[in-house]
Amino acid sequence: MSLQELSEQELFRRESLKKLREIGIEPFPAELFPVDTLSNEIKNKYEEGKKVCLAGRIMSKRIMGKASFAEMQDSAGRIQLYFNRDEICPGEDKSMYNDVFKKLLDLGDFIGVNGTVFKTQVGETSVHVDNFTFLSKSIRPLPLPKIDAEGNVHDAFTDPESRYRQRYVDLVVNPQVKETFIKRSKIIASMRSFLNSKGYLEVETPILQSIPGGAAARPFITHHNALDIPLYLRIANELYLKRLIVGGFDGVYEFAKDFRNEGMDRTHNPEFTQMEIYVAYKDYIWMMEFVEDMLEKICLDVLGTTDVQIGDNKVSFKKPFKRISMIDAIAEHTGIDISEMNESQLRETCKKLNIETDESMGKGKLIDEIFGEKCEGNYIQPTFITDYPVEMSPLCKKHRNNPELTERFELMVNGKELANAYSELNDPIDQKERFEEQVKLSEKGDDEAMFIDMDFVRSLEYGMPPTSGMGIGIDRLCMFLTNNASIQEVLFFPQMRPEVKTVKLELSEHEKAIHENLKKMNKCELKELRGCVEMSNKAWDKAMKGLSKKGILKVKKEADLLLVTLL
């Protein structure tokens, strides 16, 4: 960045940086600073006259002649500092206060202080500074909010796109954001503690896979140069964890980063975290009770209660949860019994219900569309949706009482899927046939159909004990327990479009016409997007995926430079 592109404040801070070095102060020292306490410890365990050493950012200054106050923010919160000129500079040279503190110390700079704990006349716990040390210079000003005399906040750093792109700034100026991620860490720690207490082993499985399996999703593909083969980022870790059950482990689990090359919206990110667990000699009925116990414990550990506010809804995670079969759920919300329907009848039912379909959809996808459009959003309190049609679950064991169904459940909370579990299919012949059905769906155009993993079939041929498996979305659970409606709020660094600078162009008449058409097209796309807000979750997801395939991407080849001004 050239000096001409810097703001007045940025130029001023670079000048301060230069002056610090000129007077012999290194703005970025290498040696450690011996911090021995945090701001919250000073406040929570107040000891009058206690000597402390702490460090952090300067967030405000109130200069009052020979004495001044400042506010320091460290990893635990904020605390007030008191500076006295003659105590900071006991000799004739007062430059450390008059020049360094008053003129060269900017908001956002890191300093370390040694001082004494005391309370001001109004009772605020503070640190009386004996001396301070420059630790790091901030050469770009923080977007700090301004608070007027009436307590109203102005210029707060609230724009979502800026916050997600610059999470490092968001965490500094919006303290409540840090609390969300502290809760996320506690949620994962509580879940891990629960699983370890049951004696299950935490493991790691490959992220780069030659065959992406374990879910119906579109994968990311890459290439391994040395082996000269395509590889995929995993969409799930299920098939590898079940190989470990074959190998003799009774219970294994993994907190996995999974990747799905699909649409992005308020509840989906292409990279997400999932916990999957597989336990030998269990079934899906046992797993329902296991999930109830785990979620109740997590809520109590993290929130101290099982009652959780999620948007406008108060949701109780106190066990037991409601249970209803998928067929009964569809009948309850549509009045239609689909249990005996074939594919053509299901397609006709979707038409009657005004549910969009395409030719690539088999029975499983059609049933999933009906449930997603007409049922899913109604389940606010935790509810196990059980006994899915066999076409929807190629890795799941057939139901013990009805071969048309499978022993599967999805846990619905606040109208969204939170967990998915099976009595795992361990018949290798049946598994191979189910994979072959998925290939037929792929040939019909279903780009989310599963690949055949013959090595996994071979592992089953050696014998896998009866097993129950479950996957739970960590990001979605964190959204629920922190009352956030967007997945971007619970990911430190959500995926974003690349930043594109605006370029001023001189346009010909032809180019101006293209420009106007592009603007109109964008407005239409946005209007279409806004129209999806009141739709069902399935419709929203489908619309978001569709927007990524059309519109701007089609026009980009014709007017690539012009697009720069629109993005």
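Here's a quick rundown of the structure. (Residues numbered from 1 in each chain as written. Predicted model: local features only at pLDDT ≥ 70, side-chain atom pairs only at ≥ 80, totals over all residues. Heavy atoms only, no water.)

1. Overview of unusual backbone geometry
This is how it is decided: Helix and strand labels come from DSSP, where a helix needs a run of H or I of at least four residues and a strand needs a run of E of at least two; each type is numbered from the N terminus.
A cis amide bond, omega 0°, links Lys319 with the succeeding residue Pro320. Within the fold, Pro320 resides in the loop between β15 (313–316) and β16 (322–325). Here Tyr281, not a glycine, exhibits a phi torsion of approximately 70°, which is positive. Position of Tyr281 among the secondary structure elements: in the loop between β13 (271–280) and α9 (284–303). The phi dihedral of Asn483 falls on the positive side, at around 55°, and the residue is not glycine. The topology assignment puts Asn483 in the loop between α15 (474–482) and α16 (509–531).

2. Thoughts on the sheet that holds β13
Put simply, the rule is: Strand pairing is defined by DSSP finding a minimum of two bridges between the two strands.
Taken in spatial order, the eight strands make up an open sheet running β8-β12-β13-β20-β19-β18-β17-β16, and their pairing is mixed. Of all the strands in the sheet, the pair left with one neighbour each is β8 (201–202) and β16. One ladder, built from five bridges, connects strand β19 (residues 416–423) with strand β20 (residues 467–473); its direction is antiparallel. Across the sheet, residue Ser423 finds its bridge partner in β20, namely Ser468.

3. Observations regarding the pairing of β20
Just so we agree on the cut-off: Exposure is judged per residue with a 1.4 Å probe applied to protein chains only, and the accessible area is read against the type maximum: over 50% gives exposed, under 20% gives buried, and values in between give partly exposed.
With seven of seven residues buried, β20 lies mostly within the body of the structure. Burial of β20 is two-sided: the residues Thr467, Gly469, Gly471 and Gly473 facing one way and the residues Ser468, Met470 and Ile472 facing the other way are all buried. Taken together, the seven bridges between β13 and β20 define a ladder with antiparallel strand orientation. Bridge pairing in β20 places Val279 opposite Ser468.

4. Side note on the nonpolar core
Let me state the cut-off plainly: The term nonpolar core refers to a set of buried residues drawn from Ala, Val, Leu, Ile, Met, Phe, Trp, Tyr and Cys, joined through side-chain atoms within 4.5 Å. Any pair of residues with heavy atoms lying within 4.5 Å of one another is described as a contacting pair.
Membership of the largest hydrophobic core comes to 44 residues, with the highest contact counts inside it found for Met191, Met275, Ile277, Met294, Leu295, Met470 and Ile472. Of all the elements, α9 adds the most residues to this core, at ten residues. Excluding residues within four positions of it along the chain, Met275 makes contact with Met191, Leu195, Tyr253, Glu254, Phe255, Met294, Met470, Gly471, Ile472 and Ile474. Counting 25 residues, the second largest nonpolar core, distinct from the first, contains Phe83, Phe101, Val113 and Phe132.

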